[in-house]
Amino acid sequence: MHITALLLSRLQFAFTISFHIIFPSFTIGLAAFLTILEALHLATGRPTYRVVFEFWLKIFAVAFGIGVVTGIVMAFQFGTNWSELARVSGPIQGPLISYETFMAFFLEATFFGILLFGRTRVAPWLYLVSTAMVALGTTLSAYWIMVNNSWMQVPTGYALVHGDLVPDDWPQILFNSVVWVRFPHMLLASYLTGAFCVAATGAWYVLRREFNAEARVMLRMGLILAAVLLPIQLFFGHLVGDYVHDRQPVKFAAIEGRWHDEQPAGEVLLAIPDPVAETNHYQIKIPVLGSVIGSLSLHSKEVGLTDFPRADRPPMVIPFFAFRIMVGCGLAMLLLAWVGTYLSLKERLERHRALLYSIFWSFPLPFVAILTGWFTAEVGRQPWTIYGLLRTADAVTPILATRTALISLVVYCALYTFIGGFGVLFIYRLLRAGPGGRLALPPSSEHGRAVPLGDEPFIATESP
Amino acid sequence: MITFWVAVLALSILLYVLLDGFDLGVGILYGFTRDEGKRRDMINAIAPFWDGNETWLVVAGVVLWGAFPIIYATLFSAFYIPLVLMLAGLILRGVAFEFRNKALHLRWVWDAGFAGGSLLATFMQGLMVGALVAGLPLSHGNYAGGEFGWLSTFSVLCGVGLCLGYSLLGACWLVRKCDGQVQARAYRLIPALSVIALAVLAAVFIFALREHLQVLGRWLERPYLFLFPLLGIAAGIGLILSVHRRRELAPFCLVAATFAAAFCTFAISFWPYMIPFSITIDAAAAPHASLAFMFWGEGLFVLPLMLIYTAISCRVFHGKVRSQSDSY
């Protein structure tokens with residue numbers, strides 16, 4: 001493959017945004033969880049909720065910090081690497097992204113400062129409000145990002161004036177049905193990420209026979225939340241599939257691994273696709289199910305990839321496999337959450353160590369699902385940046401030299417690997433030290449549990 | 001509508017320079033401090049604020065994209081490498097706040113990242129302003145200055161000047177937020193920093209004269225512009241007096257006033273151009289439908305809220321840094 005500024009810019013965007021999304025998806029869910037914990041603590045006065053809150057706040061702080069600094073890069077990258085996109089669709093995408101900054105970032109930044117440093121400075125109710133404000137900020141941020149991305153997937157409410165895409169119908173852009181299935185899909189994914197990370201941590205402590213009270217709160221809250229949310233998430237996933245089927249048929253055909261029109265259509269469960277020969281090898285296929293999934297019908301005709309010219313097809317192997325990995329993760333999480341919740345409610349979960357190990361090791365699943373879900377959506381949209389309107393090859397900065405693009409790609413890769421590696425290490429240390437311990441004690445330290453939380457006075461007044 | 005968004009853009013850039021200016025400045029001074037206790041006080045003096053401060057940079061960036069997309073596309077692609085380096089600096093210093101206390105053996109890495117990142121980001125910002133003042137060669141709406149066209153003696157001088165300016169802001173912030181040794185040291189630094197900053201400013205000016213920069217013509221056309229440098233000089237004299245009398249709030253306000261005066265000088269010199277002498281504000285503005293959409297929501301309602309949040313944060317965290325209870 002020939003190395004061009006375009007290719008390097010695509011690699012850079014894919015790398016920086018994939019790295020970035022890991023942290024917000026975790027913190028959106030965690031912020032909601034922290035709000036629930038703080039509210040429960042205020043309502044019941046149980047110190048366990050407070051200890052669990054302080055513990056997850058420390059982890060939230062590390063993840064949030066990485067999310068903030070890698071997010072700033074995104075706000076600049078559209079201008080540096082994709083100046084044609086920034087210019088052509090700026091009148092629509094610019095205002096959307098600016099709403100995100102205005103509505104979400106200040107809310108997050110201000111009240112996050114109070115969360116970290118304000119416990120001794122503000123009244124308890126205001127502290128709870130601050131927690132809720134951080135959660136609201138992360139949610140608003142997700143909304144505007146999803147509006148923006150949905151517009152790139154299915155552009156609507158625009159007019160073409162002198163080659164620029166200008167807004168024609170803002171309500172249509174903000175409230176169309178694509179936004180309102182994709183935004184909940186992403187939000188639920190974030191909540192599930194938070195829920196599974198919390199449950200996995202709880203399972204870990206139960207296995208280690210440590211922090212019993214806190215571990216039980218984490219395990220049960222995480223599992224119940226996941227068990228309730230997962231069926232809703234599958235339903236919204238289906239709705240997202242519906243919009244792709246109706247509005248982006250070539251992406252749908254790529255995901256389904258369907259090369260030729262079929263009536264009624266089968267559903268390819270697994271296969272090795274061969275884009276050169278335009279066929280699948282070793283496929284496992286269920287007849288008629290493809291029509292049922294695509295159109296809720298037993299005999300509908302479903303289109304295949306060969307209906308579209310090669311120049312308009314996405315690189316189908318990536319969305320095909322990414323989609324299957326995402327669904328696989330979702331189903332595995334559903335199984336774990338339901339069985340785990342059932343046993344937890346029966347008070348029998350702690351005897352099933354194999355299941356606890358599975359829950360512990362399930363923490364990567366929501367992250368993998370989110371990343372592969374985004375790969376499906378974004379790679380499946382190619383070769384377009386704005387679907388049907390602006391090709392990726394035409395969106396890149398025209399004056400960008402290959403060497404310049406290489407410099408930035410190397411800088412970002414090195415820097416992100418560096419801070420990401422340390423961030424994960426620090427989060428691991430916090431998790432290992434457990435709730436109630438001081439910040440980042442070495443694993444072998446004696447102080448794991450004995451030292452009170454920080455220098456703050458609450459332990460003395462609340463602990464029995 | 002256009003005027004409103006120009007004003008918001010100007011306000012966000014000015015607020016960014018003043019607010020992130022002080023915490024970047026503290027970051028630069030941090031690099032010249034060895035004592036752990038002093039370092040801790042310095043970090044704590046800015047820790048609750050830096051995230052909000054930095055957000056004003058994002059505000060300026062996205063207002064540019066939403067309201068003046070051509071400028072966003074042209075400027076950001078022209079300053080590709082300086083922006084990447086500035087962002088790298090901001091990333092390093094941003095994570096250092098959380099990371100330095102979690103590191104067991106490698107704290108020096110994050111200390112170096114914090115000071116070095118602050119310095120790098122500041123230098124690149126000054127350099128870009130300098131390159132913009134010196135003039136960006138454009139052809140057909142795209143930057144035509146080449147990969148390293150932004151690098152010149154003039155732009156480097158501007159970068160150095162901004163590092164000094166931010167350090168000055170940072171020192172004044174420390175005077176206000178800290179006491180004891182940190183405050184005493186900051187008081188001692190202010191006069192020295194002011195003198196060096198003034199020298200660099202003079203060098204920049206002489207250089208501009210020698211290169212016959214186009215912006216100088218503007219000064220002859222618009223003599224009222226000299227009002228702002230005069231205001232700046234008055235603020236500078238006030239600064240020395242207030243430091244002499246050991247005032248705590250006044251130095252910061254006076255340095256801020258100097259920055260504001262410099263900012264107004266630039267803004268009015270270039271009016272009505274956004275990229276000096278090639279793209280005007282009117283030519284760069286997004287269609288009315290975009291500007292109005294932004295105005296009726298974020299402009300009218302959210303912007304006042306943002307200013308209120310900033311005020312809340314200052315109110316909650318008012319007073320001196322308490323070394324023990326609020327530390328990371």
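Residues numbered from 1 in each chain as written. Chains lettered and ligands numbered in written order. Predicted model: local features only at pLDDT ≥ 70, side-chain atom pairs only at ≥ 80, totals over all residues.

> Describe the overall build of chain B, with residues and values.
Counting its regular elements, chain B contains 13 helices and 4 strands. The C-alpha radius of gyration of chain B comes to 20 Å, within 12% of the 20 Å expected for a compact globule of 328 residues. In terms of overall dimensions, chain B has C-alpha extents of about 55 × 40 × 35 Å along its principal axes. Burial statistics for chain B: of 328 residues in total, 51% are counted as buried. Counted over contacts in chain B with a minimum sequence separation of 6, partners at least 24 positions apart contribute 78%. (Helix = DSSP H or I, 4+ residues; strand = E, 2+ residues; numbered from the N terminus. Rg over C-alpha atoms; globule rule 2.2 N^0.38 Å. Buried ≥ 20, exposed ≤ 12 C-beta atoms within 10 Å, placed from the backbone. Contact = placed C-beta atoms within 7 Å.)

> Account for the interface of chain B and chain A, naming residues and giving values.
Facing the 57 residues of chain B at the interface are 60 residues of chain A. Residues belonging to the side of chain B that touches chain A are distributed by class as follows: 38 nonpolar, 13 polar and 6 charged. (Nonpolar A, V, L, I, M, F, W, Y, C, P; charged D, E, K, R; others polar.)

> Can you lay out the confidence of the model for chain A for me, pointing to particular residues and giving the numbers?
Residues and elements named next belong to chain A. Confidence along chain A averages 87 in pLDDT terms, with 94% of residues attaining 70 or more. The weakest mean pLDDT in chain A belongs to helix 16 (residues 458-462) at 31; the strongest belongs to helix 13 (residues 364-381) at 94. Per-residue pLDDT stays below 50 along residues 438-464; that stretch engages in 36 contacts with residues further than four places along the chain or on separate chains. (pLDDT = per-residue confidence, 0-100.)

> How would you sum up the environment of A:G90? Please name residues and give values.
Locating A:G90 in the fold gives a position in helix 4 (residues 90-117). In this structure A:G90 comes out as buried when scored by C-beta crowding, with 29 C-beta atoms within 10 Å. As for A:G90 and A:S291, which are separated by 201 residues in sequence, their C-alpha atoms are 39 Å apart. Setting aside chain neighbours within four positions, we find A:G90 in contact with B:W65, B:P69, B:Y72, B:A73 and B:A286.

> How would you summarise the nonpolar core if you had to cite specific residues and measurements?
Counting residues in each nonpolar core, the largest one holds 253 residues, and the members touching the most others are A:A199, A:A226, B:A67, B:F68, B:L87, B:A171 and B:L174. Per-element tally for this core: the top contributor is helix 2 (residues 47-81) of chain A, with 20 residues. Not counting chain neighbours up to four residues away, the residues in contact with B:L87 comprise A:I72, A:V73 and A:F76. (Core = buried A, V, L, I, M, F, W, Y, C linked by C-beta atoms within 7 Å.)

> So what's going on with the pairing of strand 2 (residues 164-167) of chain A? Which residues, and what values?
Residue and element names in this part refer to chain A. Side-chain alternation along strand 2 places L165 and P167 on a buried face and D164 and V166 on a face that remains uncovered. Where strand 1 (residues 158-161) meets strand 2, 4 bridges bridge the pair, whose relative direction is antiparallel. Note on strand 2: the bridge partner recorded for Y158 is P167. Connecting the antiparallel pair strand 1 and strand 2 is a turn made up of 2 residues, with H162 showing a positive phi of about 50 degrees. (Pairing = 2+ DSSP bridges.)

> Outline the packing of helix 9 (residues 249-256) of chain A against helix 11 (residues 317-345) of chain A, supporting the account with residue identities and numerical values.
Residue and element names in this part refer to chain A. Between helix 9 and helix 11, the shortest axis-to-axis distance is 7 Å and the interhelical angle comes to 65 degrees. With respect to helix 11, the element helix 9 is oriented roughly perpendicular. Crossing hand, helix 9 versus helix 11: right-handed. Only P319, F320 and F323 of helix 11 make contact with helix 9, whose side of the interface consists of K251, A254 and I255. Along the lines of polarity and charge, the residues of the contact of helix 9 with helix 11 split into 5 nonpolar, no polar and 1 charged. (Axes fitted to C-alpha atoms, helices over the stretch in contact; angles between N-to-C directions. Parallel < 35°, antiparallel > 145°, perpendicular 65-115°, else oblique. Left-handed = near helix turned anticlockwise from the far one by under 90°.)

> Now, about helix 5 (residues 80-99) of chain B: what can you tell me, with residues and values included?
Counted at 1.5 Å a residue, the expected span for helix 5 of chain B with its 20 residues is 28 Å, and the 28 Å between its end C-alpha atoms agrees. With 18 of its 20 residues buried, helix 5 of chain B lies for the most part within the structure. (Expected span 1.5 Å × (residues − 1).)

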